[in-house]
Amino acid sequence: MFRRRGDHYVATFAVDEVRVLRKVAGEVVGLLTDGFDHGDPVVGRLFPDVYPDDDAGTAEFRRYTEGDLKTGKIDQAGAVLAALPDGDSGGEVRLDAEAAEAWLRALNDARLAMGVRLEIKDGTDLGEELDDAVAADPGSSRVFQLSVYAYLGYLQESLLNALID
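How each quantity is defined
- Just so you know, the residues in each chain are numbered from 1, in the order the chain's sequence is written.
- Note on the predicted model: pLDDT of at least 70 is required for a residue's local features to be given, and 80 or more for side-chain atom pairs to be given and counted; whole-chain, interface and lining totals, by contrast, use all residues.
- As a rule here, side-chain values come from all non-hydrogen atoms in the structure, and water together with hydrogens is ignored.
- The term salt bridge refers to a pairing of a side-chain nitrogen on Lys or Arg with a carboxyl oxygen on Asp or Glu at a separation within 4 Å.
- The numbering of helices and of strands both runs from the N terminus, where a helix is a DSSP run of H or I of at least 4 residues and a strand a run of E of at least 2.
- For the exposure calls, accessible area comes from a 1.4 Å probe over protein chains only, and a residue counts as buried if that area is under 20% of its type's maximum, exposed if over 50%, partly exposed in between.
- Expected helix span is computed as 1.5 Å times (number of residues minus one).
- We define the bend at each residue as the angle formed by axes fitted to the 7 residues ending at it and the 7 residues starting at it.
- Any two residues whose heavy atoms approach within 4.5 Å are treated as being in contact.
- Each axis is a line fitted through C-alpha atoms, and for a helix only the stretch in contact is used; angles between axes span 0 to 180 degrees, taken between their N-to-C directions.
- Angles below 35 degrees are treated as roughly parallel, those above 145 as roughly antiparallel, those between 65 and 115 as roughly perpendicular, and all remaining angles as oblique.
- Amino acids outside the nonpolar list (Ala, Val, Leu, Ile, Met, Phe, Trp, Tyr, Cys, Pro) and the charged list (Asp, Glu, Lys, Arg) are all regarded as polar, and Gly is one of them.

Caption draft 1: Layout of the pattern of salt bridges. Enumeration over the complete set of coordinates arrives at ten salt bridges. As a salt-bridge pair, aspartate 49 and arginine 62 come within 2.8 Å of each other at their nearest N and O atoms. With a gap of 13 residues between them, aspartate 49 in the loop between helix H2 (41-46) and helix H3 (55-83) and arginine 62 in helix H3 connect regions that are remote in the sequence. Residue classification places aspartate 49 among the partly exposed residues on the basis of a relative accessible area of 40%. Put simply, Asp49, Arg62 and Glu66 are held in one network by salt bridges that share partners.

In structure tokens form, the structure reads like this:
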């Protein structure tokens, strides 16, 4: 998908891919703004306790760092939205090195968030999980969400490989 072209990293996206990426990036922004709640396990995954056994230390650390971390994550999701083709069409995305790194971080945040919601653990076999979901109900939202999760992983790997080539 992504390939290096000079100083840029380029990929062509179909209309449906653009829609999915817009929705995912928008949901991350929404989670970090309107829906920001430390009781939400997704927020806990994106902003883990730095001192798990020290609530006061964690709160103090958050007081000094959380705003900047949140802003950075919102900006990274914004970099995805800004680079996608306008309107309701597919097309080419061209990223410079800085934008490519922002995309990698945004894709990682999106996968972390989806992984929590889908209850994906380190040892989860995604292919098996998807096969089970398809066998249970091929039209379920879980099948779609697992497919998006897998697609984001593919996209992340593709961009990372282009960066290191």
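Caption draft 2: Structural view of H3. For H3, spanning 29 residues, the distance from its first C-alpha to its last is 39 Å, which sits close to the expected 42 Å at 1.5 Å a residue. Bending of H3 peaks at approximately 50 degrees at the position of threonine 65. Those residues of H3 not exposed but buried are Gly57, Thr58, Glu66, Lys73, Gln76, Ala77 and Val80. On its buried face, H3 sits against helix H1 (15-32), H2 and helix H4 (97-117).

Caption draft 3: Highlighting the packing of H3 against H4. One can describe the packing of H3 onto H4 by two numbers: an axis separation of 8 Å at closest approach and a directional angle of 110 degrees. Relative to H4, the element H3 is oriented roughly perpendicular. Listed contacts from H4 to Lys73, Gln76, Ala77, Ala79, Val80 and Ala83 of H3 are Ala102, Trp103, Arg105, Ala106 and Asp109. Residues belonging to the contact of H3 with H4 are distributed by class as follows: seven nonpolar, one polar and three charged.

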